[in-house]
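Observations on chain architecture
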Amino acid sequence: GFQGGSGMSASTATLDLGEIRKEGFVLKESAIIRQYRKRWLVLTRTHLYTFKKDRAYADPTEVVELKACGTVKSADDITNKPYSFTVQVPDRNFYFTCGNDKERNEWVAAIGRATTESRRVRSYSEEIEYQEQQRRELEEARSRMQAGGHAGHGVPPAGAHAPPRATYT
């Protein structure tokens, strides 16, 4: 994944097409002039992207990291437009408008679900545990290589394939 928050340049974001959860046209409010522009919105497991063209998947105009996403909700009262929703991140609120209520509700639900999941990906302790496990596996692989791959060749590790011990009857 990417390091850091929204400071990264959008062009570095690579979109894995296998990760796409939902996509479709929406109107997005531009940051500066508050005009709504048609954008192709793409939701993946970890990010929300906007593109100028549908299914182009290059040079996103916005990249939102879902881990940083605070609130996703209907925003008709804020935008004064029907079928709109907002995606709020620490340094910005994004506003989108859909063609109908069903579409809007689907986006809110899908983004909300992905946000919860990406936040839950790994807690700090799980992350440490994961790195520790990776390190152990690496060390084991390294020691196997140093042993020339013959160490214990053909000899099962103790207890792995040992015949069952006699049980007392």
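Quick summary incoming for the structure in this document. Treat the numbers as computed from the prediction; the structure is a model and nothing was measured.

1. Considering the overall build of the protein
- A tally of regular secondary structure across the protein gives three helices and seven strands.
- Of the regular secondary structure in the protein, the N- to C-terminal order runs β-β-β-β-β-α-β-β-α-α.
- Per-residue burial over the protein gives 28% buried out of 169 residues.
- By element, 51% of the accessible surface of the protein is carried by carbon and sulfur atoms, the whole surface being about 11500 Å².

2. So, the pairing of strand β3 (residues 47–51)
- β3 sits mainly inside the fold: five of its five residues count as buried.
- Here β3 shows no split at all, with H47, Y49 and F51 on one side and L48 and T50 on the other all buried.
- Here strand β2 (residues 36–43) folds back onto β3 in antiparallel fashion, the turn holding three residues.
- Pairing between β3 and strand β4 (residues 62–65): four bridges, direction antiparallel. Note that in β4 the partner of T50 across the bridge is E62.

3. Focus on the nonpolar core
- Ranked by size, the top nonpolar core spans 19 residues in total, and within it L43, L48, F85, V87, F96, W107 and I111 carry the most contacts.
- Taken together, the elements giving at least two residues each to this core come down to β2, β6 (84–89), β7 (92–97) and α2 (101–120).
- Ranked by the residues each element gives to this core, the list is headed by α2, at five residues.
- Sequence-distant contacts of I111, defined by excluding residues within four places in its chain, comprise L43, L48, L66, V72, F85 and V87.

4. Here's the deal with the packing of aromatic side chains
- For the structure shown, the criterion picks out five aromatic pairs.
- Summarising the aromatic geometry, the rings of F25 and W40 are spaced 4.9 Å apart at their centres and angled 75 degrees between planes, so their arrangement reads as edge-to-face. Of the two residues, F25 sits in strand β1 (residues 22–29) while W40 sits in strand β2, which places them 15 residues apart along the sequence.
- You can call F25 partly exposed: its relative accessible area is 32%.
- Here F51 and Y57 contribute two aromatic rings whose centre-to-centre distance is 6.1 Å and whose plane-to-plane angle is 85 degrees, an arrangement assigned as edge-to-face.
- Taken together, the ring pairs connect Y49, F51 and Y57 into an aromatic cluster.
- The ring centre of W107 lies 4.9 Å from the NZ or CZ of K22, which sits over that ring.

So, how was this worked out
- Residues numbered from 1 in each chain as written.
- Predicted model: local features only at pLDDT ≥ 70, side-chain atom pairs only at ≥ 80, totals over all residues.
- Heavy atoms only, no water.
- Helix = DSSP H or I, 4+ residues; strand = E, 2+ residues; numbered from the N terminus.
- Buried < 20%, exposed > 50% of the residue type's maximum accessible area, 1.4 Å probe, protein only.
- Areas by Shrake-Rupley, 256 points an atom, 1.4 Å probe, with all protein chains shown as cover.
- Pairing = 2+ DSSP bridges.
- Core = buried A, V, L, I, M, F, W, Y, C linked by side-chain atoms within 4.5 Å.
- Contact = heavy atoms within 4.5 Å.
- Phe/Tyr/Trp six-rings, centres within 6.5 Å; stacked < 30°, edge-to-face > 60°.
- Lys NZ or Arg CZ within 6 Å of the ring centre and 35° of its normal.

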